[in-house]
Every structure is written in structure tokens, then in C-alpha cells.
Amino acid sequence: MVTGATLQSADTVVELGPGTGAFTRAIQDTIVPSTTFFALEINQEFATNLRRQFPDLTVHHDSAEKLPEYLAHHGKSEVDCILSGLPWASLPMEVTEGTITAVAESLRSGGTFATFAYVHAVYLPKARSFRRRLESLFTTVEISPVVWRNLPPAFVYQCTQ
């Protein structure tokens, strides 16, 4: 997830749906101290645990759809890099649309958005619709090689604004 992201030079980085923090440590280890980094997590238990596990990280307990509001809260109008662990396939279509639109509108020109998907679901209608939406919103959408050691196997969409 973090390999293709330009985290070392980013002014602002946001993690959407960090869950248990699987990618959070890698992000923190890669960004520079001056980077503004915060997370949006809708699950209260996950948000509480993330705050304990990463005391220097600002974790907002709220929906990723509200990304622009939280950018403003942090004194930012755009973000350089957004990494998402959101379970797109299980979200209602209106939440997916609201969130992906917020991501596209918040990302600076040349900024990156990374999210993953599971191989077994890639041909399902919702997954195909999600990919088409990514392709309509971003200048480039690249797909990483499949990570077969992940269970279930997954790949990363690396999108550039």
C-alpha cells in the first residue's frame, strides 16, 4: 500500500479506515516529522485502540465522507496522499460514492490515492463499478501485482489526480 505512495515528500497524508492499524505504522515510519498525518475511522472501538497504539496520531472517529471537513480542521485545503483500508465491497453504494468523491475533490493535482481490493471479488458488479468510478475520477489508475501471500490475495489500486 505504501510502496507507490510519495509519503517522504508529502505535506499532508490521510488514512481512511485504518481499522487495526495494519498500514499505519508503515505510514508513520515513512513520513517526515513535518507531515500532517491523521486518520478517519468510523468504528469507535478501532478508533480508541488506534489512539492507544499510536499516541502521536490524530484519529477522528467519523465517516471518510467528511474528509474535506477534517482537512479544513487541520488547516489544509488539499491532501498529497490518501491511503484507504475501507471495505468498499461491503459499503452501501451511496457511502462509496460520497467517499470516493470526497477523496477526488480533496486530492491535490499530482496527488496519490491508494486502496486495495481482493482478487476473488474483482469481477463482481460492485467491484467493476468501483473500478470504473476510479477511472472516471483519476488521471491514472494503476494496479499492482497480486499479493498472493495476503489472505485473501489482494492487489492495490494506485490512483493519481
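Residues numbered from 1 in each chain as written. Predicted model: local features only at pLDDT ≥ 70, side-chain atom pairs only at ≥ 80, totals over all residues. Heavy atoms only, no water.

**As for the overall build of the chain**
Counting secondary structure elements, the chain contains 5 helices and 7 strands. Written out in order from the N terminus, the α and β elements of the chain read β-α-β-α-β-α-β-α-β-α-β-β. Computed over its C-alpha atoms, the radius of gyration of the chain comes to 15 Å, within 12% of the 15 Å expected for a compact globule of 161 residues. Viewed in the frame of its principal axes, the chain has a C-alpha envelope of about 40 × 30 × 30 Å. A burial count over the chain gives 44% of its 161 residues as buried. Total accessible area on the chain stands at roughly 8300 Å², and carbon and sulfur atoms take up 54% of it. Of the charged side chains in the chain, 12 are positive and 16 negative, and the gap between their average positions amounts to 6 Å. (Helix = DSSP H or I, 4+ residues; strand = E, 2+ residues; numbered from the N terminus. Rg over C-alpha atoms; globule rule 2.2 N^0.38 Å. Buried < 20%, exposed > 50% of the residue type's maximum accessible area, 1.4 Å probe, protein only. Areas by Shrake-Rupley, 256 points an atom, 1.4 Å probe, with all protein chains shown as cover. Lys, Arg positive; Asp, Glu negative; His and termini not counted. Charge placed at Lys NZ, Arg CZ, Asp CG, Glu CD.)

**Overview of the packing of aromatic side chains**
Taken as a whole and assessed by the stated rule, the structure comprises 7 aromatic pairs. Note on Trp88 and Phe113: the rings are 6.5 Å apart at their centroids and 85° apart in plane angle, and the pair reads as edge-to-face. With a gap of 25 residues between them, Trp88 in the loop between β4 (79–84) and α4 (93–106) and Phe113 in strand β5 (residues 107–118) connect regions that are remote in the sequence. Note on Trp88: relative accessible area 7%, which makes it buried. Of the residues examined, Phe113 reaches a relative accessible area of 0% and is grouped as buried. Through a chain of ring-to-ring contacts, the aromatic side chains of Trp88, Phe113, Phe130, Phe138, Phe155 and Tyr157 assemble into a single cluster. (Phe/Tyr/Trp six-rings, centres within 6.5 Å; stacked < 30°, edge-to-face > 60°.)

**Looking at the nonpolar core**
Ranked by internal contacts, the top residues of the largest apolar core, which has 27 residues, are Leu16, Leu67, Ile82, Phe113, Leu134, Phe138 and Tyr157. Taken together, the elements giving at least two residues each to this core come down to β1 (12–16), β2 (36–40), α3 (67–73), β4, α4, β5, α5 (125–137) and β7 (154–160). Among the elements that take part in this core, α4 stands out by supplying 4 residues, more than any other. Non-local contacts of Leu134, meaning those with residues more than four positions away in its chain, are made with Ile100, Phe113, Val141, Tyr157 and Cys159. Core analysis: the second largest hydrophobic core is formed by 20 residues, Met1, Ala5, Val13 and Ala154 among them. (Core = buried A, V, L, I, M, F, W, Y, C linked by side-chain atoms within 4.5 Å. Contact = heavy atoms within 4.5 Å.)

**A few points about the environment of Gly4**
Among the structural elements, Gly4 can be located in the segment before β1. A residue is classified by how much of its surface remains accessible, and Gly4, at 45% relative accessible area, is partly exposed. Here the alpha-carbon distance between Gly4 and Phe46, two residues 42 residues apart in the chain, equals 26 Å.

**A closer look at the side chain of Asp80**
Here Asp80 lies in strand β4. Engagement of the side chain of Asp80 in a polar contact is seen with the backbone nitrogen of Asp11, the distance being 2.8 Å. If near-sequence neighbours (up to four positions away) are discounted, Asp80 is found in contact with Ala10, Asp11, Thr12, Leu107, Arg108, Gly111 and Thr112. (Polar contact = N/O pair within 3.5 Å; in protein donor to acceptor, adjacent residues only side chain to side chain.)

**Side note on the sheet that holds strand β6 (residues 140–143)**
A sheet is described by the order of its strands in space; here 7 strands give the open sequence β3-β2-β1-β4-β5-β7-β6, paired in mixed fashion. Here the strands that pair on one side only, and so sit at the sheet edges, are β3 (58–60) and β6. Here the average twist between neighbouring strands, direction ignored, is 20°. Of the pairings in the sheet, the one linking β2 to β3 comprises 3 bridges and is parallel in character. Counted as the bridge partner of Phe38 is Thr58 from β3. Where α4 meets the sheet, it contacts β1, β4 and β5, and its direction lies at approximately 150° from that of β5. (Pairing = 2+ DSSP bridges. Axes fitted to C-alpha atoms, helices over the stretch in contact; angles between N-to-C directions.)

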